[in-house]
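Summary of structural features
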Amino acid sequence: MKRLVRFLFRTLTSLVIAAGIFAIACYFLQNYKVKDLTQSNPMLDEPVVVESVSFDRYAYQHIDEESQVTYDQIYNCITEYKEKVTVTTKSSDVLQRAYEAVMADYGNLFWVSGYKYNTYTSDGTVVSIEFSPKYTMSKDQRDVYQASVDATADEWLAGISENASDFDKALYVFETLIENVDYNTDSEENQNILSVFLYRSTVCQGYADSAWYLLDKLGIKSTIITGTANGESHAWNLVYLDGAYYYMDVTWGNSKYMDGNNDTAKRVNYAYFAMTTEEISQNHVITVGFEVPECLSNADNYYVHEGLYYDWFGVDSIGNRLSQSYESGEAEISLKFSNSDLYSQVINYFIDENHLSDYCRGLNSVYYLLDENANVLTIQWTKGE
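Here the residue numbers are simple positions, counted from 1 along each chain's written sequence. Totals for whole chains, interfaces and linings use all residues, but because this is a predicted model, local features are given only for residues with pLDDT of at least 70 and pairs of side-chain atoms are given and counted only at 80 or more. As a convention, hydrogens and water are excluded, and side-chain values are obtained from all of the structure's heavy atoms.

This part covers the pattern of salt bridges. Proximity of charged atoms lets side chains of opposite charge pair with each other. Whenever Lys or Arg places a side-chain nitrogen within 4 Å of a carboxyl oxygen from Asp or Glu, that contact is recorded as a salt bridge. What the rule picks out here adds up to 9 salt bridges. One salt bridge connects D64 with R97, and the closest N-O pair in it is separated by 3.4 Å. Note that D64 is positioned in the loop between α2 (58–61) and α3 (65–79) and R97 in helix α4 (residues 92–105), a separation of 33 residues in sequence. Here's how the labels work: a residue is buried when its accessible area is under 20% of the maximum for its type, exposed when over 50%, partly exposed in between, all with a 1.4 Å probe on protein chains only. A relative accessible area of 33% places D64 in the partly exposed class. For helices the rule is a DSSP run of H or I covering at least 4 residues; for strands it is a run of E covering at least 2, with both sets numbered from the N terminus onward.

Rendered as structure tokens:
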């Protein structure tokens, strides 16, 4: 009997001790789980705030402070060709907004195309985000391409003085890109400036990035705007000229029309050079995540600047200007009108009713282009024998 009591006592004691050990083990395991989650990537760096070099850039100025800090970290990572960087923000939305702003403020980052990111969590809460640029080439390749880009850019900009006005510099860039670069959806590297400076063939993103690049070299502030045009994805520029903001769309400025021999000819459409918000909104929709300005000035509009803009139906004034162009041997002339009613009135009088011949003696035939969105009439002259 005594042996049985001692056996039961030892068994009960062992069970109590085992239960205690189990409870203690569960306690430490539970606490170790939290500790392990925060150290799941022991090589993860702490976020480092870098000094901003973009304080004068438009998109940077128009995002919140958290996005600005992340923007600086992203830009530093890309330009220093780092594999990855731990950013300060813990929001993927802020990361996206900051990256978008970087690409809007810098059109020269041709060696990166998008990014990926990793999030690290503890108990379902994001504790850290790691940003990794998607590089399309090595750093050595980038440097080789950069030298080629600079050589072509310097060659193209040799024709404009550093002392020229903002208007003249921007117009020069607008015309140079249209004259030297074709629009081609099959062009190589068409989402960056390499398509322009190396292959001279691009799409809207390449035009917008290269316009930014050339304008930046000339000291003109520019921002790349993305959105849609006639319902399709598109990119163009916001430019700051002579104290006011304007929109400039090089892609749409590269127009083609049928000439007298039925050949497709490239021409510069100045209606898309320096536009107001009202004008760009006729067919463009902005989707960027930062605030854009209300562009109200038309002082640097090409037609206003060149005396080709009319806000009233002055028959002789318009007729004499057309005659001057015709008699001087110009290939063509474009006139812009302040509203659609005036535009229609001019078309009806000078084209439909043929009063153009009253001012242009000997005119045999005429080819004209109507841009109803911009209220611009372009006439190509053909004189009779």
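Next comes the rest of the write-up.
What follows covers the sheet that holds strand β6 (residues 222–229). Spatial ordering of the open sheet is given by β8-β7-β6-β11, a layout of 4 strands whose pairing is antiparallel. Strand pairing shows two members of the sheet lacking a second neighbour, β8 (244–248) and β11 (284–286), which therefore form its edges. On average, each strand axis in the sheet is inclined to that of its neighbour by 40°, with strand direction left out of account. Two strands qualify as a pair provided that DSSP identifies no fewer than 2 bridges between them. By the bridge criterion, 8 bridges tie β6 to strand β7 (residues 232–241) in an arrangement that is antiparallel. Across the sheet, residue I224 finds its bridge partner in β7, namely N237. For every element, the axis is a line fit to its C-alpha atoms; helices are fit only across the contacting stretch, and the angle between N-to-C directions ranges from 0 to 180 degrees.

The next point concerns the nonpolar core. Core analysis: the largest hydrophobic core is formed by 106 residues, its most contacted members being F131, L177, F197, F273, L322, F337 and W381. W381 has contacts with L322, S325, Y326, E330, A331, E332, I333, L356, C360 and L363, leaving out every residue within four places of it along the chain. To form a nonpolar core, buried Ala, Val, Leu, Ile, Met, Phe, Trp, Tyr and Cys residues must be joined to one another through side-chain atoms within 4.5 Å. Working rule for contacts: check all heavy atoms of both residues, and any pair within 4.5 Å makes them a contact.

A separate point is the packing of α3 against α4. Packing of α3 against α4 brings their axes to within 8 Å, and their N-to-C directions diverge by 60°. Of the possible angle classes, the one that applies to α3 and α4 is oblique. Pair α3 / α4 crosses with right-handed handedness. Note on element contacts: α4 touches α3 through V94, L95, R97, A98, Y99, A101, V102 and D105, opposite E66, S67, T70, Y71, I74, Y75 and I78. Lys, Arg, Asp and Glu make up the charged group, whereas Ala, Val, Leu, Ile, Met, Phe, Trp, Tyr, Cys and Pro make up the nonpolar group; the residues left over, Gly among them, are polar. For the contact of α3 with α4, the residue count by class is 10 nonpolar, 2 polar and 3 charged. An angle below 35 degrees is treated as roughly parallel, one above 145 as roughly antiparallel, one from 65 to 115 as roughly perpendicular, and anything else as oblique. Handedness of each helix crossing follows the sense of rotation of the near helix against the far helix: counterclockwise by less than a right angle gives left-handed, clockwise gives right-handed.

Right, let's get into the layout of surface pockets. If you add up the space inside the largest pocket, you get close to 620 Å³. Around the largest pocket, the lining is made up of 27 residues, and of these M103, Q191, Q205, D209 and T226 lie nearest the centre. Elements represented by at least two residues in the lining of the largest pocket include exactly α4, β2 (112–122), α8 (204–217), β6 and β7. Top element by residues in the lining of the largest pocket is α4. It accounts for 5 residues. Considering only residue class, the lining of the largest pocket consists of 12 nonpolar, 12 polar and 3 charged. One number sums up the size of the second largest pocket: a volume of about 310 Å³. Buriedness of a pocket was judged along seven lines, with at least five required to meet protein on both sides within 12 Å; pockets are open sets of points on a 1 Å grid over the protein atoms alone, cavities are sets where a 1.4 Å probe fits but cannot get out, and lining residues have an atom within 4 Å of a point. Forming the boundary of the second largest pocket are 17 residues, of which T276, E278, E279, K336 and S338 lie nearest the centre. Contributing elements (two or more residues each) for the lining of the second largest pocket: α10 (277–280) and β13 (332–337). Grid points are joined across faces, edges and corners, and a volume is the space filled by probe spheres set on the points.

Relative to each other, helix α12 (residues 315–327) and helix α13 (residues 340–352) sit at 60°, their axes nearing to 12 Å. In terms of axis orientation, α12 runs oblique to α13. The element α12 and its partner α13 pack so that their crossing is right-handed. Contacts between α12 and α13 involve V315, I318, G319 and L322 from the former and V346, Y349 and F350 from the latter.

Per-residue confidence from the predictor is given as pLDDT, running between 0 and 100. On average, residues of the chain score 88 in pLDDT, and 85% of them reach the 70 mark or higher. Contacts for the low-pLDDT stretch residues 21–42, under 50 throughout, to residues beyond four places or in other chains number 5 contacts.

Attention shifts here to the pairing of β2. Residues in a regular strand point their side chains to alternate faces of the sheet. Here β2 runs beside strand β3 (residues 125–135); their pairing, made up of 9 bridges, is antiparallel. For V112, the partnering residue across the bridge sits in β3 and is Y135. Hairpin connection between β2 and β3: a loop of 2 residues separates the two successive antiparallel strands, and D123 in this loop has a positive phi of roughly 55°.

Let us look at the packing of aromatic side chains. Working definition: a ring pair exists when centres of Phe, Tyr or Trp rings (six-membered ring for Trp) sit within 6.5 Å. Plane angles under 30 degrees give stacked, over 60 give edge-to-face, the rest tilted. The full count for this structure, using the stated rule, is 26 aromatic pairs. Judged by centre distance (4.1 Å) and plane angle (10°), the rings of Y81 and Y135 are stacked. With Y81 in the loop between α3 and β1 (85–87) and Y135 in strand β3, the pair connects residues that are 54 residues apart, well separated along the chain. When its relative accessible area of 17% is taken as the criterion, Y81 is described as buried. On the accessibility criterion, Y135 (24% relative accessible area) is partly exposed. With a centroid separation of 6.4 Å and an interplanar angle of 45°, the aromatic rings of F337 and Y343 are classed as tilted. Of the residues examined, F337 reaches a relative accessible area of 1% and is grouped as buried. For Y343, a relative accessible area of 5% puts it in the buried group.

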